[in-house]
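Here is what each chain is made of, one letter per residue.
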Amino acid sequence: MNRLFVLGTGHAGVTKCYNTCFALANENNEYLLVDAGGGNGILAALEKVGIDLTEIHHVFVSHKHSDHLLGIVWIIRMIASSMLSGQYHDNLKIYCHEELINNIITLVESTLDKKLTDIIGNRIILVPVTDGQVKNLIGQNFTFFDIHSTKVKQFGFTVKLSDGKVLTFLGDEPFNQLCKRYVLNSDWLLCEAFCLYDGREKFKPYEKHHSTVKDACELAAHLNAKNLVLWHTEDTNITHRKELYTAEGKKYYCGNLYVPDDLNVITL
């Protein structure tokens, strides 16, 4: 695995960027899509970074919040249609915790035609994952873990990349000490940062169970992360978000700090 495609970087209420979601790719151009944002903007994002839906055979959904889940309807709709027309080969596997399977089934059955939903369980397979479970996806072993969310059940994952480095996705809530064994000493840490620390009174991140840039960077330093990616942010000053977040983050974290824009590609 050598590339991270940033498909969206915003929180649920953004209008100037897409909701946070991303894809991981290996050297053979096999892709894992992680979440899909809140709508059909996922289709445009994938098109703009050059990922064809027929190349996606693995999807991970972290939790049921609308800005992470609703885009899955569009992924299933388009891939199921491609399956029926003979343009999509092999199967699609969607990984998530067991409670989320029912949410996805209910959502697609409420919004898609029966000819499309009939494919679920046949060629579109919903695969439950449990805390600490290891699954091989796109040639790498992913360890899924419960992030112990204070809102809804949510999972993250850690994976050893092909070069031996470790990448950890924390989901979109603050780190819980119960996950330390999965997160400590990660080479890449993917972490939410709702707003700048100075903006905490305006954006109320703590009331929403989120972090500030300061919090995320102090966490990365404490956990000895070599590279830190910050996203799931507000978008009120998106033109200067990168420089503002980087300036604050560097006060608390001395590793490599990334504040990507939508459609950026990061070499891992």
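What counts and what doesn't
Throughout, residues of each chain are indexed from 1 in the direction in which the sequence is written. This being a predicted model, a pLDDT of at least 70 is required before a residue's local features are given, and a value of 80 or more before pairs of side-chain atoms are given or counted; all residues contribute to the totals for chains, interfaces and linings. Hydrogens are left out, water is left out, and the side-chain values use all remaining heavy atoms of the structure. Working definition: a ring pair exists when centres of Phe, Tyr or Trp rings (six-membered ring for Trp) sit within 6.5 Å. Plane angles under 30 degrees give stacked, over 60 give edge-to-face, the rest tilted. In this description a helix means any DSSP run of H or I spanning at least four residues, a strand means any run of E spanning at least two, and both kinds are numbered starting from the N terminus. Any residue under 20% of the maximum accessible area for its type is buried, any over 50% is exposed, and the rest in between are partly exposed; the area is computed with a 1.4 Å probe on protein chains only. Any two strands with at least two DSSP bridges between them are considered paired. To get an axis, a line is fitted to the C-alpha atoms, and for a helix only the part in contact is used. The angle between two axes follows their N-to-C directions and goes from 0 to 180 degrees. By definition in these notes, contact holds between two residues if any of their heavy atoms fall within 4.5 Å. This arc is taken over the directions from the axis of the helix to the C-beta atoms. Basic side-chain nitrogens of Lys or Arg form a salt bridge, by our definition, when they fall within 4 Å of a carboxyl oxygen of Asp or Glu. Each angle receives one of four descriptions, namely roughly parallel if under 35 degrees, roughly antiparallel if over 145, roughly perpendicular if within 65 to 115, and oblique otherwise. Under the scheme applied, nonpolar residues are Ala, Val, Leu, Ile, Met, Phe, Trp, Tyr, Cys and Pro; charged residues are Asp, Glu, Lys and Arg; polar residues are all the others, including Gly. By nonpolar core is meant a set of buried Ala, Val, Leu, Ile, Met, Phe, Trp, Tyr and Cys residues that side-chain atoms within 4.5 Å join together.

Thoughts on the packing of aromatic side chains
Taken as a whole and judged by the stated rule, the model has 12 aromatic pairs. Plain terms: the ring middles of Phe22 and Phe169 are 5.2 Å apart, the flat faces sit at 70° to each other, and that makes the pair edge-to-face. Of this pair, Phe22 sits in strand S2 (residues 21-25) while Phe169 sits in strand S10 (residues 166-169), and the two are 147 residues apart along the sequence. With relative accessibility at 1%, the residue Phe22 sits in the buried group. Assessed through its relative accessible area of 4%, Phe169 is described here as buried. Aromatic side chains Trp188 and Tyr258 sit 5.2 Å apart centroid to centroid with 40° between the ring planes, which places their arrangement in the tilted category. Residue Trp188 is found in strand S11 (residues 188-192), and its partner Tyr258 is found in strand S13 (residues 256-258); the two are separated by 70 residues along the sequence.

A word on the sheet that holds strand S12 (residues 227-231)
An order of S7-S8-S9-S10-S11-S12-S13 is seen for the 7 strands of this open sheet, with the pairing classed as mixed. Each having just a single partner strand, strand S7 (134-137) and S13 make up the two edges of the open sheet. Taking each pair of neighbouring strands and ignoring which way they run, the sheet shows an average axis angle of 20°. Strands S11, S12 and S13 of the sheet are contacted by helix H8 (residues 213-222), whose axis makes an angle of about 160° with S12.

Remarks on helix H1 (residues 41-49)
One turn of the α-helix equals 3.6 residues, which is why residues spaced by three or four share an orientation. If you check which residues of H1 are buried, you get Ile42, Ala45, Leu46 and Val49. Down the axis, H1 shows its buried residues gathered within 95° of arc, on one side only. The exposed set on the far side of H1, more than 90 degrees from its buried face, consists of Glu47 and Lys48. Trailing H1 by a residue or two, Gly50 shows a phi angle of about 85°, which is positive.

Re the sheet that holds strand S1 (residues 3-8)
Taking strand neighbours across the sheet as the criterion, the 7 strands line up as S6-S5-S4-S3-S2-S1-S14 in an open arrangement whose pairing is mixed. Where the open sheet ends on each side, the last strands, each with one partner, are strand S6 (124-129) and strand S14 (265-267). Neighbour-to-neighbour, the strand axes of this sheet turn through a mean angle of 20°, independent of strand direction. Where strand S4 (residues 56-60) and strand S5 (residues 92-97) come together, 3 bridges link them in parallel fashion. From the neighbouring strand, Phe60 faces S5, where its bridge partner is Tyr95. Contacting S1, S2, strand S3 (31-34) and S4, H1 runs over the sheet at an angle of about 140° to S1. Helix-sheet contacts for helix H3 (residues 71-84) involve S3, S4, S5 and S6, and the interaxial angle to S5 is about 155°.

Focus on the pattern of salt bridges
A complete count under the given rule lists 6 salt bridges for this structure. Where Asp146 meets Lys153, a salt bridge forms, and the shortest distance between an N and an O atom there is 3.0 Å. Judged by relative accessible area, which is 12%, Asp146 ranks as buried. Looking at Lys153, the relative accessible area reads 33%, which means it is partly exposed. Put simply, Arg241 and Asp261 hold a salt bridge, and the shortest N to O gap is 3.4 Å.

Notes on the packing of H1 against H3
The angle between the axes and the distance between the axes are what describe a pair of packed helices. The interhelical angle for the contact between H1 and H3, taken along N-to-C directions, is 65°, at an axis separation of 8 Å. Put simply, H1 runs roughly perpendicular to H3. Residues Ile42, Leu43 and Leu46 of H1 form the contact with H3, whose own contacting residues are Gly71, Trp74, Ile75 and Met78. The residue inventory of the contact of H1 with H3, partitioned by class, reads 6 nonpolar, 1 polar and no charged.

Focus on the side chain of Ser62
By secondary structure assignment, the location of Ser62 is in the loop between S4 and helix H2 (66-69). Sequence-distant contacts of Ser62, that is, excluding residues within four places in its chain, are made with Asp35, His68, His97, Leu100, Lys153, Gln154, Phe155 and Phe169.

Focus on the nonpolar core
Ile94 and Ile104 are the most contacted members of the largest nonpolar core, which totals 40 residues. For this core, the element with the most residues is H3, which contributes 7 residues. Sequence-distant contacts of Ile104, that is, excluding residues within four places in its chain, are made with Val61, Leu69, Ile76, Ile94, Cys96 and Leu126.

As for the environment of Cys21
Among the secondary structure elements, Cys21 is positioned in strand S2. Looking at Cys21, the relative accessible area reads 1%, which means it is buried. Considered as a pair, Cys21 and Ile147 are 126 residues apart in the sequence and their alpha carbons are 17 Å apart. The residues touching Cys21, leaving out its near neighbours within four places in the chain, are Phe5, Val6, Leu7, Gly8, Val34, Asp35, Ala36, Gly37 and Ile42.

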